[in-house]
Amino acid sequence: MNEINKKRLFYASCTALLVTAMTFAIRARLETVFGPEGVGLTLEQIGYAFTPAFWGFTLAMLFGGPLVDIIGIKKITWIAFIMHAIGIVWTIMAKDMSSLFIATLFVGIGNGMVEAALNPMIASMYPENKTKMLNRFHVWFPGGIAIGGVMGWLVMDVMELSWQVMVGILFIPLVIYAFMFLGQKFPVTERVQLGVSTSNMFKSLGKPLFIFMAVCMMLTAASELGTTQRIESLLKESGTVPLLVLVFINGIMAFGRAFAGPVIHKLSPSGMLLFSAIFTFIGLWLLTITSGGMIFAAAAVFAVGVTFFWPTMLGFVAEYLPETGALGLSIMGGLGMLSVSIVLPIMGKLMDEASAHEALRTMSILPAILIAAFIGLFIYMKNRKTKTIKE
């Protein structure tokens, strides 16, 4: 570890995640470009065109997870760069549903490879502060969405430039993270460090606690990303600028994750997840009954709720189930994105046939289920800690 420049690798990882996050904001803006008032796709068709960003992400993580241990973090990181570059170019050339679908697939694979390589790398570099450092790393997911949202608004709405220029901005952080990773020595994964065999890793994936967390990951990711990815259509009639609401939500999330340390000390990971589920549920319901300026108040409650979902779910698995290795983290992230690919067309159909409010009300069922699940998790972890102390 002495020869590894952890600080440079961490900052390069944050920049790579910035690219991933900016694609989410820019894709949200492209909904209006390719939608009924633009190219002419229905909201359901756009939902299907966007799904490769999520199941492509899932496939990349599920294949990239075990490959990280076999071929190393470095090679997976460079595969992510290549996929990102192809995806950005293809997006700029997209003209219809098919080309948008293919472009989104390459971007999704690139995004998945970033998470497959860099989550386990950070867990490996900071074994004593996994949840804290994963939260700091994931500052750049909401941070990148906020930056991408602002850039999209400036380029298209203020400067009135083409959407291709907006997409082209992604090349800036792409080149930066490639330069920062160039020539660096990468660590091995934590599973390799611990000497956990491949067979034991696969056995660990069958533990009830891991299966429970994997199912919950699907619900937490869908609650967060399903809502924010379709923000343009969900808030189109709210009397606000949806992209600025997206920036507002992700600004709060970035701030919260940047200062996650004190929160982690006061609340256990299971306590943080319960807190998040409650606020997410309230926030989604408030979004269905507010309009105008009050949308931002409802969005703030929602943002507080989803802030710690993704990194804390990963941190929980890295901390309490380290034997699952990079594959465990990849399965968590992959299932999370897979769930989003499922809900996007469903939300689109609800908005086409009913209303945006109906779609939001339906989405609120997910955090309601999570509240009950995380109450159970909180009690289980408290009893487990008490039992360990007695022993």
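Residues numbered from 1 in each chain as written. Predicted model: local features only at pLDDT ≥ 70, side-chain atom pairs only at ≥ 80, totals over all residues. Heavy atoms only, no water.

Caption draft 1: Representation of the packing of aromatic side chains in the model. All told, the structure shown has 13 aromatic pairs when counted by the stated rule. When the ring of Trp-55 is compared with that of Phe-101, the centres are 6.0 Å apart and the planes differ by 50°; the resulting orientation is tilted. You can see Trp-55 sitting in helix α3 (residues 52–71) and its partner Phe-101 sitting in helix α5 (residues 97–125), a full 46 residues away along the chain. Ring pairing ties together the aromatic residues Trp-78, Phe-81, Tyr-177, Phe-181 and Phe-186, which thus form one cluster. Above the ring of Phe-179, the side-chain terminus of Arg-8 is found at 5.7 Å from the ring centroid. Residue placement shows Arg-27 over the ring face of Phe-24; its charged tip is 4.8 Å from the ring centre. (Phe/Tyr/Trp six-rings, centres within 6.5 Å; stacked < 30°, edge-to-face > 60°. Helix = DSSP H or I, 4+ residues; strand = E, 2+ residues; numbered from the N terminus. Lys NZ or Arg CZ within 6 Å of the ring centre and 35° of its normal.)

Caption draft 2: Region of interest: the pattern of salt bridges. Counting across every chain of the model gives five salt bridges. The salt bridge involving Lys-207 is made with Glu-323; its shortest N-O contact spans 2.6 Å. You can see Lys-207 sitting in the loop between α11 (198–204) and α12 (208–229) and its partner Glu-323 sitting in the loop between α18 (309–320) and α19 (325–353), a full 116 residues away along the chain. The exposure class assigned to Glu-323 is buried, which follows from its relative accessible area of 16%. Across the salt bridge formed by Arg-361 and Glu-358, the nearest N and O atoms sit 3.4 Å from each other. Residue Arg-361 and its partner Glu-358 are both found in helix α20 (residues 356–363); the two are separated by three residues, about one turn of the helix. (Salt bridge = Lys/Arg side-chain N within 4 Å of Asp/Glu carboxyl O. Buried < 20%, exposed > 50% of the residue type's maximum accessible area, 1.4 Å probe, protein only.)

Caption draft 3: Structural context of the environment of Pro-173. Topologically, Pro-173 is positioned in helix α9 (residues 171–181). Among the residues examined, Pro-173 registers a relative accessible area of 7% and is labelled buried. Along the sequence, Pro-173 and Met-22 sit 151 residues apart, while their C-alpha atoms lie 9.5 Å from each other.

Caption draft 4: Broad picture of α3. Taken as a whole, α3 carries its principal kink of about 35° at Gly-64; the proline Pro-66 stands between one and four residues after it. Considered for burial, the residues of α3 that qualify are Pro-52, Ala-53, Phe-54, Gly-56, Phe-57, Thr-58, Ala-60, Met-61, Gly-64, Gly-65, Val-68 and Asp-69. Looking one or two residues past α3, Gly-72 carries a phi angle of roughly 100°, positive in sign. (Bend = angle between axes of the 7 residues up to and from the residue.)

Caption draft 5: Summary view of the nonpolar core. One finds Met-213, Met-332 and Phe-374 to be the most contacted residues of the largest nonpolar core, which totals 121 residues. For this core, the element with the highest residue contribution is helix α1 (residues 6–34), accounting for 17 residues. Apart from the residues within four sequence positions on either side, Met-213 is in contact with Leu-273, Met-313, Phe-316, Val-317, Met-332 and Leu-377. (Core = buried A, V, L, I, M, F, W, Y, C linked by side-chain atoms within 4.5 Å. Contact = heavy atoms within 4.5 Å.)

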